[in-house]
Amino acid sequence: MMDEAPSAVPLSFSSPSSPEIPALVPVALPDELEFPEDKFDGEEDSAKAGPNAPSTDKSITLLDNEEQEAVGITMITGYLGSGKTTLVNYILKEQHGRRIAVILNEFGEELGIERAMINEGAQGSLVEEWVDLPNGCVCCSVKHSFVQAIEQLMERRERFDYILLETTGLANPGPVASILWVDDQLEASVRLDSIVTVVDAGNFLRQLHEPREAGSVTEAYLQIAYADVVILNKTDLVKDESGHSTLEKIEREIKSINGMVKIVHSERCRVDLDDVLDCKAYGIKHSVDLEALLSKPVDDNVHDSAVKTISFKLDGPVDLEKVNEWLGNLLWEPSDKMEIYRMKGVLDIHGSGEMHMLQAVRDLYEIVPTRKWREGDKRINHVVLIGKNLNKDTIIEMFNHCLVSKVLSFDP
Amino acid sequence: MGCAEQESGNGTTDGKKEQMDSGSAAGDAVLACVRCSKLARLQCPKCLELKLPRANGAFCSQDCFKAAWGSHKVVHAESKRAVIRADNPQDQIAEALSRGWLYCLQKGQHRSGRAPNFDWTGDLRPYPISARRFVPENIPRPEWASNGNASAEQYSELQNSVEIKTPEQIQRMREVCKIARDVLDAAARAVKPGVTTDELDEIVHEATIAAGAYPSPLNYHFFPKSCCTSVNEVICHGIPDARRLEDGDIVNVDVTVYYKGYHGDLNETYFVGKVDEASQLLVQNTYECLEKAIAIVKPGVRYREVGEVISRHASLAGLSVVRSYSGHGIGELFHCAPNIPHYSRNKAVGVMKAGQTFTIEPMINAGVWRDRMWPDGWTSVTADGKRTAQFEHTLLVTETGCEVLTARIPTSPPVFPWLS
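Residues numbered from 1 in each chain as written. Chains lettered and ligands numbered in written order. Predicted model: local features only at pLDDT ≥ 70, side-chain atom pairs only at ≥ 80, totals over all residues. Heavy atoms only, no water.

Where an unreviewed UniProt entry is consulted, chain B appears under the name Methionine aminopeptidase, with the organism given as Marchantia polymorpha. The record held by UniProt for chain B lists under Subcellular location (unreviewed entry) the comment "Cytoplasm". Under the UniProt heading Subunit (unreviewed entry), the note attached to chain B is "Associates with the 60S ribosomal subunit of the 80S translational complex." (UniProt positions renumbered as here; feature names shortened; annotations may be inferred.)

Under the annotation held in an unreviewed UniProt entry, chain A carries the name CobW C-terminal domain-containing protein and is attributed to Marchantia polymorpha. Entered under Catalytic activity (unreviewed entry) in the UniProt record, the comment concerning chain A runs "GTP + H2O = GDP + phosphate + H(+)".

Structural data, given as structure tokens:
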């Protein structure tokens with residue numbers, strides 16, 4: 001209150017200017033009002049949309065509906081010239097009765113503006129459109145804006161049956177894969193189905209071993225490591241000479257990096273679409289390769305490349321909490337430059353009658369009960385890891401601590 | 001406000017420059033010149049006439065006043081707001097529009113005089129919002145204050161790895177979180193039927209700048225106001241507007257302040273007048289969800305466990321957990337790693353370690369968990385229009401457990417019956 005006395009001075013001083021104030025205020029107000037008037041287009045959009053209202057209507061139906069199955073995304077990676085685009089075009093033209101959207105991720109890991117091509121059904125034409133990614137505010141939003149953008153794309157059109165995501169030549173598929181591996185709980189309208197890597201048989205070995213600075217590996221390694229399917233393309237071009245042995249060598253090389261991958265040979269990317277679409281390599285709900293994993297012997301590679309697959313089997317129930325600790329150490333606090341790209345496994349969890357499945361991509365993992373152990377099942381822990389600088393002995397020794405059998409034997 | 005508590009004063013090296021902080025917040029004896037930050041001895045007569053907060057109209061000299069007039073006078077136009085008192089919604093909206101208030105659109109980047117169309121999920125509707133509030137030039141501001149852009153935050157390495165804070169950083173966190181608590185308490189005291197959420201925003205804004213802090217939400221990715229006010233079916237990020245709170249409403253006020261380079265973030269949900277029993281249970285359960293989540297915080301606990309605890313407690317009461325928004329790391333950045341979902345079976349990365357600071361902020365719904373976004377691009381509402389509540393604290397992991405940096409203090413208003 002005391003302060004107000006001196007303020008009388010400015011009062012008298014600026015009162016000449018205060019008539020100016022009311023004059024200014026009305027100017028500012030209509031001014032502000034005019035801006036939005038111009039912008040009414042944008043807003044009218046939603047008003048006009050009333051009758052045909054594509055997006056709003058959709059979200060209502062999405063709300064109350066019977067659970068619609070999420071649309072699968074196949075991510076296609078491979079070096080420039082390997083035949084990625086040929087593969088995409090082949091899939092689009094092939095009569096498969098599916099409506100497929102192609103999203104081109106031309107900026108690699110920087111998920112900027114995307115170009116999308118949409119195949120309007122069987123004999124439909126290709127439509128191209130730009131997808132404007134909601135830029136920015138990750139403000140405590142759980143779904144990455146890239147996933148939201150794809151979901152928006154899905155809403156804008158009538159439904160697609162499938163999405164192909166074509167990445168740039170030199171992209172490491174890991175970051176995008178982990179973004180797309182959305183928690184089931186979020187019930188996203190899209191799901192990562194699988195990663196398909198196209199390889200040029202004639203150039204692969206050279207690309208793989210291109211010199212790199214110490215400690216890092218070429219993208220070719222990473223693209224193989226993350227792949228669920230490798231399309232070994234242009235096999236016709238290596239066959240003539242000593243073709244057969246070259247292909248064998250390439251296959252051995254690929255298998256040593258990724259012991260779980262399925263290898264498909266092709267010329268000009270002509271492949272059976274069943275090998276590429278709907279592989280259901282991610283997520284438990286969809287996983288079909290569980291039984292396969294149980295039965296298939298995964299061969300560890302003998303020679304010691306930087307990126308490789310290791311696997312182990314261990315009898316006896318394991319403690320879930322300890323397995324979680326083991327994974328936390330392995331994925332979040334790795335020792336000795338170890339980097340894990342991908343993990344799959346079957347676990348015999350102590351105290352549960354259900355088989356559990358383990359999946360990991362980079363630092364993300366989940367352990368989920370799948371089905372009841374059946375009579376005749378061999379209860380076992382079987383884990384496969386793909387990564388860099390993996391130390392098998394350490395990994396197994398750490399896992400051994402998860403076994404509960406020893407503890408049980410002390411029980412009276 | 002904030003005159004009482006100064007407990008945490010032990011063991012810090014700074015404090016020389018800040019002697020007057022708590023004082024300036026309390027009895028506005030010391031004000032800085034809006035233009036040059038020197039001690040102010042004069043004030044703008046127009047501001048006085050309009051009864052505007054003195055901090056925005058304080059000057060050291062006539063020269064500074066003259067020089068600042070061009071930018072300063074905007075404050076008067078803004079203040080045309082005063083208080084909206086019309087009785088029914090139509091008149092309220094008309095009155096707000098006549099004062100130049102507009103509807104917010106496109107994530108805060110556009111305004112319109114016409115109400116947007118939407119298939120509203122509940123009874124609540126957006127109202128026009130007032131003009132942007134002024135922050136004195138002497139208050140240090142985050143990167144987005146001028147252009148809405150938070151790209152340094154977005155592309156920071158701290159989005160990928162969780163920082164272990166140094167004792168100095170932790171002290172800053174304590175300081176800013178205490179301010180945030182005081183600011184929220186000021187808003188809580190004002191909650192009652194008839195008050196507009198814009199008035200709550202004004203209280204938050206004034207209390208924040210009086211403490212020498214910047215209201216972090218203001219212009220963050222173009223958010224137009226200084227706090228979020230989320231009424232009834234609004235899950236979070238509601239924009240303070242001309243709507244008057246009604247008897248029986250519940251309203252969440254979410255405050256974040258930025259002080260000496262650090263952010264402190266908290267929110268609470270309040271009852272407006274007499275609230276039905278279902279809403280009381282919802283709000284209390286949400287409070288307990290946060291309490292139970294905080295109880296497990298200590299080094300070695302996986303971040304994914306937080307969602308399990310919250311989900312269990314909410315579903316026991318037949319309530320659902322919002323999945324689209326999560327807790328977050330906080331410090332020099334408003335939002336950073338870790339990401340802490342509140343739902344079960346999430347794949348959150350990492351294990352808690354001493355020295356990490358983050359928020360937990362469960363949003364619990366009476367009906368379905370799903371959310372929808374209003375045309376303003378911010379307001380998140382329940383898909384079924386049923387009510388939703390939220391509580392939030394900023395936490396520090398300590399060697400033995402955790403410290404609730406934004407904890408209630410003895411002066412916090414006793415607004416939650418289950419605490420008394």
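Within chain B, the regular secondary structure consists of 11 helices and 19 strands. For a compact globule of 420 residues, the expected C-alpha radius of gyration is about 22 Å, and chain B comes in at 21 Å, within 12% of that figure. Each principal axis of the C-alpha distribution contributes one length, and for chain B these read about 60 × 55 × 45 Å. Considering only intrachain contacts with a sequence separation of at least 6, the fraction spanning at least 24 residues in chain B is 70%. The averaged location of the 50 negative side-chain charges in chain B is 3 Å from the averaged location of its 47 positive side-chain charges. (Helix = DSSP H or I, 4+ residues; strand = E, 2+ residues; numbered from the N terminus. Rg over C-alpha atoms; globule rule 2.2 N^0.38 Å. Contact = heavy atoms within 4.5 Å. Lys, Arg positive; Asp, Glu negative; His and termini not counted. Charge placed at Lys NZ, Arg CZ, Asp CG, Glu CD.)

This brings us to the domain arrangement of chain A. All names here are of chain A. When cut into domains, chain A gives domain 1 (71-282) and domain 2 (307-401). Of the roughly 1600 Å² buried between domain 1 and domain 2, counting both surfaces, carbon and sulfur atoms make up 64%. Contact with domain 2 buries area across many residues of domain 1, yet Trp181, Tyr226 and Met260 alone supply 39% of it, more than any other trio. At the junction of domain 1 with domain 2, the criterion picks out 1 salt bridge. Of the charged contacts, one joins Asp228 and Arg342 as a salt bridge, the two residues approaching to 3.8 Å between their closest N and O atoms. (Domains from an automatic or database assignment. Buried area = accessible area lost by both parts, 1.4 Å probe. Salt bridge = Lys/Arg side-chain N within 4 Å of Asp/Glu carboxyl O.)

Another aspect to go through is the UniProt feature "binding site: a protein" (unreviewed entry) in chain B. Residue and element names in this part refer to chain B. In the numbering adopted here, UniProt assigns the feature "binding site: a protein" (unreviewed entry) to His237 and His335. The greatest C-alpha distance among the annotated residues, which extend across 99 residues, is 14.3 Å, indicating that they converge on a single site. Structurally, the position occupied by His237 is in the loop between strand S7 (234-236) and strand S8 (250-259). In this structure, His335 sits in the loop between strand S11 (327-329) and strand S12 (336-340). By relative accessible area, which is 6% here, His335 ends up buried. (Buried < 20%, exposed > 50% of the residue type's maximum accessible area, 1.4 Å probe, protein only.)

This next bit is on the UniProt feature "binding site: Zn(2+) 3" (unreviewed entry) in chain B. Residues and elements named next belong to chain B. When the UniProt feature table is mapped to this numbering, "binding site: Zn(2+) 3" (unreviewed entry) covers Asp254, Asp265 and Glu392. These residues run over 139 residues, yet every pair of their C-alpha atoms falls within 8.1 Å of each other. Its place among the elements puts Asp254 in strand S8. Taking the relative accessible area as the measure of exposure, Asp254 reaches 10% and is therefore buried. Sequence-distant contacts of Asp254, defined by excluding residues within four places in its chain, comprise Cys227, Cys228, Asp265, Leu266, Asn267 and Glu392.

All names here are of chain B. Scanning the entire structure with this criterion turns up 33 salt bridges over all chains. Residue Glu163 pairs with Lys165 through a salt bridge whose shortest N-O separation is 3.2 Å. A residue is classified by how much of its surface remains accessible, and Lys165, at 6% relative accessible area, is buried. Linked through salt bridges whose partners overlap, the residues forming this network are Arg133, Asp198, Asp201 and Lys225.

Think of interface size as the accessible area that goes away when the parts come together; that is how it is often given. Each assigned domain of chain B is listed here: domain 1 (5-78) and domain 2 (144-419). Each of domain 1 of chain B and domain 2 of chain B has a C-alpha centre, and these two points are 29 Å apart.

Here we come to the sheet that holds strand S13 (residues 381-388) of chain A. All names here are of chain A. Sheet architecture is open: 5 strands sit in the order S9-S13-S10-S11-S12, paired in antiparallel fashion. Each of the sheet's edge strands pairs with one partner strand only, and the pair in question is strand S9 (307-314) and strand S12 (364-372). Taking each pair of neighbouring strands and ignoring which way they run, the sheet shows an average axis angle of 10°. Sheet topology note: the strand S11 (residues 354-361)/S12 ladder contains 7 bridges and is antiparallel. (Pairing = 2+ DSSP bridges. Axes fitted to C-alpha atoms, helices over the stretch in contact; angles between N-to-C directions.)

Moving on, we come to the side chain of Thr229 of chain B. Residues and elements named next belong to chain B. With respect to the helices, strands and loops of the structure, Thr229 is situated in strand S6 (residues 228-231). The class for Thr229 is buried, based on a relative accessible area of 4%. What Thr229 contacts, discounting residues up to four positions off in sequence, is Thr197, Leu200, Gly238, Ile239, Pro240, Val251, Asn252 and Val253.

All names here are of chain B. Evaluation of the coordinates by the stated rule reveals 0 disulfides over all chains. Cys36 takes part in no disulfide bond, and the closest cysteine sulfur to it belongs to Cys60, at a distance of 3.6 Å. Under the relative-accessibility criterion, Cys36 is labelled partly exposed at 29%. (Disulfide = S-S within 2.5 Å.)

Once that is clear, we can look at the pairing of strand S1 (residues 71-78) of chain A. All names here are of chain A. Burial of S1 is extensive: 8 of the 8 residues sit out of reach of the surface. When S1 meets strand S6 (residues 190-200), the two strands line up parallel, connected through 8 bridges. Residue pairing across strands places Gly72 opposite Arg191, the latter belonging to S6. Of the strand pairs in this sheet, S1 and strand S5 (residues 162-167) are connected by 5 bridges, and their pairing is parallel. Bridged to Met75 within S5 is Leu165.

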